[in-house]
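A look at the structure
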Amino acid sequence: MNTDNKKMTTSSSRYCTGLLLLCGNCNSKRLSAVLKAASKHVAQTLYVQHVGDERSSGNDRESRRLSVTGLKDVGVLRACSRRMWSFYTTAYETCPSVDVRLLMTNVKDARAACWLPDKRLDVVLTTIGFPPADVLPYVRSKFVVESFNDVAVMDIEGQIKSDGHQVDDCEEEEEDTVQRNTWTRHDNVCLGGTFDRLHVGHKILLSEAILLCRKRLVIGITVEELNKNKVLSELIDSIDVRTESLQSFLYDVDLTLDYCIVPMSDPCGPSITDENIQCIVVSKETEKGGLFVNEERLRKVSFLGFNYLYYNSLQLISLGNE
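In what follows, the accompanying structure is described. (Residues numbered from 1 in each chain as written. Predicted model: local features only at pLDDT ≥ 70, side-chain atom pairs only at ≥ 80, totals over all residues. Heavy atoms only, no water.)

Let us look at empty space enclosed by the protein. The tally for this structure, following the rule as stated, stands at one cavity of 30 Å³ or more. When its volume is computed, the largest cavity comes out at roughly 30 Å³. In terms of lining residues, the largest cavity is bounded by Leu103, Thr105, Cys114, Trp115, Tyr251, Asp252, Val253, Asp254 and Leu255. Among the secondary structure elements, those contributing two or more residues to the lining of the largest cavity are β4 (114-120) and α9 (239-253). A total of three residues in the lining of the largest cavity trace back to one element, the largest contributor, which is α9. Tallied by class, the residues present in the lining of the largest cavity amount to six nonpolar, one polar and two charged. (1 Å grid on protein atoms, 1.4 Å probe; cavity = no way out; pocket = protein on both sides within 12 Å on 5 of 7 lines; lining within 4 Å. Points joined across faces, edges and corners; volume = space filled by probe spheres on them. Helix = DSSP H or I, 4+ residues; strand = E, 2+ residues; numbered from the N terminus. Nonpolar A, V, L, I, M, F, W, Y, C, P; charged D, E, K, R; others polar.)

Mapped onto the secondary structure, Leu257 falls in the loop between α9 and β10 (258-264). For the pair Leu257 and Asn188, spaced 69 residues apart in sequence, the C-alpha separation works out to 10.0 Å.

Moving on to the side chain of His50. By secondary structure assignment, the location of His50 is in strand β2 (residues 42-51). Here Arg83 takes part through its side chain, which lies 3.4 Å from a polar atom of the side chain of His50. (Polar contact = N/O pair within 3.5 Å; in protein donor to acceptor, adjacent residues only side chain to side chain.)

Okay, the packing of helix α7 (residues 200-212) against α9 next. Packing of α7 against α9 brings their axes to within 11 Å, and their N-to-C directions diverge by 45 degrees. On the basis of their axis angle, the class for α7 and α9 is oblique. Taken as a pair, α7 and α9 cross one another with a handedness that is right-handed. Every residue of α9 that contacts α7 at Lys203, Leu206, Ser207 and Ile210 is listed here: Leu246, Phe249, Leu250 and Val253. By residue class, the composition of the contact of α7 with α9 is six nonpolar, one polar and one charged. (Axes fitted to C-alpha atoms, helices over the stretch in contact; angles between N-to-C directions. Parallel < 35°, antiparallel > 145°, perpendicular 65-115°, else oblique. Left-handed = near helix turned anticlockwise from the far one by under 90°. Contact = heavy atoms within 4.5 Å.)

Take the nonpolar core next. If you look at the biggest cluster of nonpolar residues, it comprises 58 residues, and the most contacted ones within it are Leu20, Leu46, Leu125, Leu191 and Leu217. Considering each element in turn, this core owes the most residues, eight residues, to α7. Among all residues touching Leu46, those that are not within four sequence positions of it are Gly18, Leu19, Leu20, Leu35, Ala38, Val98, Asp99, Val100, Arg101 and Leu125. Listed in part, the 18 residues of the second largest apolar core include Leu19, Tyr47, Val124 and Val139. (Core = buried A, V, L, I, M, F, W, Y, C linked by side-chain atoms within 4.5 Å. Buried < 20%, exposed > 50% of the residue type's maximum accessible area, 1.4 Å probe, protein only.)

The final tally for this structure, using the stated rule, is nine salt bridges. Between Arg30 and Glu157 there is a salt bridge; the shortest N-O distance is 2.9 Å. Of this pair, Arg30 sits in helix α1 (residues 28-39) while Glu157 sits in helix α6 (residues 157-162), and the two are 127 residues apart along the sequence. Notably, a salt bridge pairs Asp237 with Arg197, separated by 3.4 Å at the nearest N-O pair. With a gap of 40 residues between them, Asp237 in the loop between α8 (224-227) and α9 and Arg197 in the loop between β8 (186-193) and α7 connect regions that are remote in the sequence. A network of salt bridges, in which partner residues are shared, links Asp99, Arg101, Lys203 and Asp252. (Salt bridge = Lys/Arg side-chain N within 4 Å of Asp/Glu carboxyl O.)

Our next topic: the packing of aromatic side chains. Within the structure shown, the criterion is met by two aromatic pairs. Measuring from centroid to centroid gives 5.3 Å for Phe87 and Tyr88, while their planes differ by 80 degrees, and the two rings are edge-to-face. By the burial criterion, Phe87 is buried, and Tyr88 matches it. Considering the side-chain rings of Tyr251 and Tyr259, the 5.4 Å spacing of their centres and the 80 degrees angle between planes classify their relative orientation as edge-to-face. With a relative accessible area of 34%, Tyr251 lands in the partly exposed category. Exposure remark for Tyr259: the relative accessible area of 9% places this residue in the buried category. (Phe/Tyr/Trp six-rings, centres within 6.5 Å; stacked < 30°, edge-to-face > 60°.)

Once that is clear, we can look at a nonpolar patch on the surface. There is a patch of nonpolar side chains on the surface, built from Trp115, Tyr251 and Leu255 and spanning about 280 Å² of accessible area. Along the chain, the position of Trp115 falls in strand β4. Here Trp115 falls in the partly exposed class, since its relative accessible area comes to 44%. (Patch = residues over 30% accessible without salt bridge, like charges linked within 9 Å, V, L, I, M, F, W, Y side chains within 5 Å. Areas by Shrake-Rupley, 256 points an atom, 1.4 Å probe, with all protein chains shown as cover.)

For Tyr92, the location among the structural elements is in helix α3 (residues 74-94). The exposure class of Tyr92 is partly exposed, given its relative accessible area of 31%.

Let us look at the sheet that holds strand β1 (residues 15-23). Spatially, five strands are ordered β3-β2-β1-β5-β7 in an open sheet, and the strand pairing comes out parallel. The sheet is open, and its two borders are formed by β3 (99-102) and β7 (152-155), each paired with just one other strand. Neighbour-to-neighbour, the strand axes of the sheet open up by a mean angle of 20 degrees, direction not taken into account. Two elements, β1 and β2, share eight bridges in a ladder whose sense is parallel. For Leu22, the partnering residue across the bridge sits in β2 and is His50. The strands touched by α9 within the sheet are β2 and β3, with β3 carrying the most contacts at an inclination of about 45 degrees. (Pairing = 2+ DSSP bridges.)

Any link to function would need more than the numbers given here.
As structure tokens, then:
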């Protein structure tokens, strides 16, 4: 095991960038314990890959089903969405200072490799069900990264147990409080927003859109003129900075889609100018905007052939004053 600290932050003994291989179907209690242990070793960015294949325990039928079937039916899509929402909610509550990113490429296709071409992994963290000798061979087969040289491998299961969490801890599946209007996947999906200082709410919204999209995801990002009436608008990053941050997240978590990020100079953006868009993803706070978009599109049906958009509305977690 490599314990070279050259890639650790100067302010602590934590690594800068890590990959967590999450085996099995974690309930919220287990997930919280795993992320808490992982955050003690990673200070900046933690990528999380759910390993739901033959390495999962024999009783973990849901993980095995998700891995084998991908997103071929509504039930699996609903389960993936629920798991994603629960994951980011737990991550925000457990380790808010770490940029946690759930990799989604293998959710869509268990055979696909995850691409992190411009990233350097410092440490790979594992939990129960993953023999240490298998870790690097697995990572090399499943990931495309900048470098595998001197990557440390750490088994954090012992630390999880020392924190008082048992491997066989279980609880009832949490009720799905994230209501959706449709569970159909579409070739062309859109959403829009300011996307200033990418936070967990943005990650949930974007990940939901990725789950629903087969081919092209269109993201409208507000220009400075549209932001001027927002509270503390002078503190909002430039559109170039926000776009770069948005691209970084999207290309990190799933490279299977064609992303089209466009400046949005009005509240509707590309949702009323792109006739190929079939679905819009909104939060509860912007649901009225989604309904307005459809009103505008319906006006164009007869002479431009615009279709009515399916819309998925989801409740985001509270971020205090953000």
